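Coordinate inspection notes
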Amino acid sequence: DTGVSQNPRHKITKRGQNVTFRCDPISEHNRLYWYRQTLGQGPEFLTYFQNEAQLEKSRLLSDRFSAERPKGSFSTLEIQRTEQGDSAMYLCASSHQTNVQETQYFGPGTRLLVL
Amino acid sequence: AQKITQTQPGMFVQEKEAVTLDCTYDTSDPSYGLFWYKQPSSGEMIFLIYQGSYDQQNATEGRYSLNFQKARKSANLVISASQLGDSAMYFCAMREGGAAGNKLTFGGGTRVLVKP
């Protein structure tokens, strides 16, 4: 399967702990995106990378959140000192910067529950 | 103002019938793209169909078609011949050009339940 993959699929943690999620994009895609989706809502943009450069960050991305894409391939999203309000689905998507359409393809997501 | 509005929180549709999901959008950018995604209970967002702001014809992909009315800023999704597997959440999303970057802005979604 050559789609976007995310690990872990589920994470339960206690408030105050740090968590890290990984996203592996479609291999030829140079753009990678992170979104957060809370229950009953549409996804909200967090940040995106073009190759290894982080080009945009949402105001939603507080200083407890950090994302990296060190070699322009996989990406990690770390949340430090988790809070109950961080409980959500974290979705990763990738796209190829080729044409106007540039569809974003999503992974299965990581469901985070902070107790 | 909401950039993407989906006014139907939930809909029932009979199997084999067509269903229309509403989406209105708000942008002042002349160049934008509109996307529809399906999200089953498993959580993965599945791309369905795309409409560009400069496209002259409505997009179609198999049983999915997009009723694009640019002047009204609407991009409704039509699913023909509904199947039980179409039961899911459906999201409309927009990507604007220029300074808005490449991010997608999503609506709140519409839950569709197909009845046998």
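The following refers to the structure shown. (Residues numbered from 1 in each chain as written. Chains lettered and ligands numbered in written order. Predicted model: local features only at pLDDT ≥ 70, side-chain atom pairs only at ≥ 80, totals over all residues. Heavy atoms only, no water.)

1. Observations regarding the packing of aromatic side chains
Keep this limit in mind: Each pair of aromatic rings taken from Phe, Tyr and Trp, with Trp reduced to its six-membered ring, is defined by centres within 6.5 Å and is described as stacked if the planes are under 30 degrees apart, edge-to-face if over 60, and tilted in the remaining cases. Runs of E in the DSSP output that reach at least two residues are strands. Runs of H or I that reach at least four are helices, and both are numbered from the N terminus. Throughout this description, buried means an accessible area under 20% of the type-specific maximum (1.4 Å probe, protein chains only), exposed means over 50%, and partly exposed covers the range between.
Evaluation of the coordinates by the stated rule reveals 16 aromatic pairs over all chains. Note on Phe21 of chain A and Tyr90 of chain A: the rings are 5.4 Å apart at their centroids and 40 degrees apart in plane angle, and the pair reads as tilted. Taken together, the residues span a long stretch of sequence, with Phe21 of chain A in strand S3 (residues 19-24) and Tyr90 of chain A in strand S9 (residues 88-95) at a distance of 69 residues. In terms of burial, Phe21 of chain A and Tyr90 of chain A fall into one category: buried. Pairing Tyr35 of chain A with Phe45 of chain A gives two aromatic rings, centres 5.9 Å apart and planes at 75 degrees, and the pair type is edge-to-face. Of this pair, Tyr35 of chain A sits in strand S4 (residues 31-37) while Phe45 of chain A sits in strand S5 (residues 44-50), and the two are 10 residues apart along the sequence. Pair check on accessibility: Tyr35 of chain A and Phe45 of chain A agree, each one buried. The rings of Tyr33, Tyr35, Phe45, Tyr48, Tyr105 and Phe106 of chain A together with Phe35, Tyr37, Phe47, Tyr50, Phe91 and Phe106 of chain B are connected pair by pair, giving a single aromatic cluster.

2. Let's talk about the nonpolar core
The following threshold applies: The criterion is simple. A nonpolar core is a set of buried Ala, Val, Leu, Ile, Met, Phe, Trp, Tyr and Cys residues joined through side-chain atoms within 4.5 Å. The contact criterion used is simple: two residues touch if any of their non-hydrogen atoms lie within 4.5 Å.
Formed by 25 residues in total, the largest nonpolar core has its most connected members in Leu21, Tyr25, Trp36, Ile49, Leu77 and Tyr90 of chain B. Every element with two or more residues in this core is listed here: strand S2 (10-14), strand S3 (19-21), strand S5 (32-39), strand S6 (46-52), strand S8 (64-69), strand S9 (74-79), strand S10 (88-96) and strand S12 (110-115) of chain B. Tallying contributions element by element places S10 of chain B first for this core, with 4 residues. In this structure Tyr90 of chain B touches Gln6, Leu21, Trp36, Tyr37, Lys38, Leu48, Leu77, Ile79, Gly109, Thr110 and Val112 of chain B, once residues within four positions along its chain are discounted. Val19, Ile26, Ala88 and Cys92 of chain A belong to the second-largest nonpolar core, a separate cluster that totals 19 residues.

3. Some thoughts on the interface of chain A and chain B
We count it as follows: Buried area: the sum, over both parts, of the accessible surface (1.4 Å probe) that disappears when the two are put together. Salt-bridge detection follows one rule: a side-chain nitrogen of Lys or Arg within 4 Å of a carboxyl oxygen of Asp or Glu. Contacts described as polar in this section are N or O atom pairs within 3.5 Å, which, within protein, must combine one atom able to donate a hydrogen with one able to accept it, while residues neighboring in sequence count only if both atoms come from side chains.
Contacts between the two partners involve 24 residues from chain A and, on the opposite side, 20 residues from chain B. Carbon and sulfur atoms supply 50% of the area that chain A and chain B bury against each other, a total of about 1,700 Å² over both sides. Counting the surface chain A buries against chain B, the share from its top three residues, Pro43, Gln101 and Phe106 of chain A, is 28%. With its nearest N and O atoms 2.8 Å apart, the salt bridge here joins Lys103 of chain B to Glu56 of chain A. Inspection of the region where chain A meets chain B yields 9 residue pairs in polar contact (both at pLDDT 80 or more).

4. Brief notes about the pairing of strand S8 (residues 75-79) of chain A
Residue and element names in this part refer to chain A. Using the following cut-off: Strand pairing is defined by DSSP finding a minimum of two bridges between the two strands.
The side-chain alternation of S8 yields one buried face, formed by Ser75, Leu77 and Ile79, and one unburied face, formed by Thr76 and Glu78. As paired elements, S3 and S8 share 5 bridges and run antiparallel to each other. What sits directly across from Phe21, in S8, is Leu77. Relative to S8, strand S7 (residues 65-68) runs antiparallel, the two sharing 4 bridges. Each bridged residue has a counterpart across the sheet, and for Ser66 the counterpart in S8 is Glu78. Taking the residues between adjacent antiparallel strands as the criterion, S7 and S8 are bridged by 6 residues, where Gly72 takes a positive phi near 70 degrees.

Geometry only, nothing functional implied.
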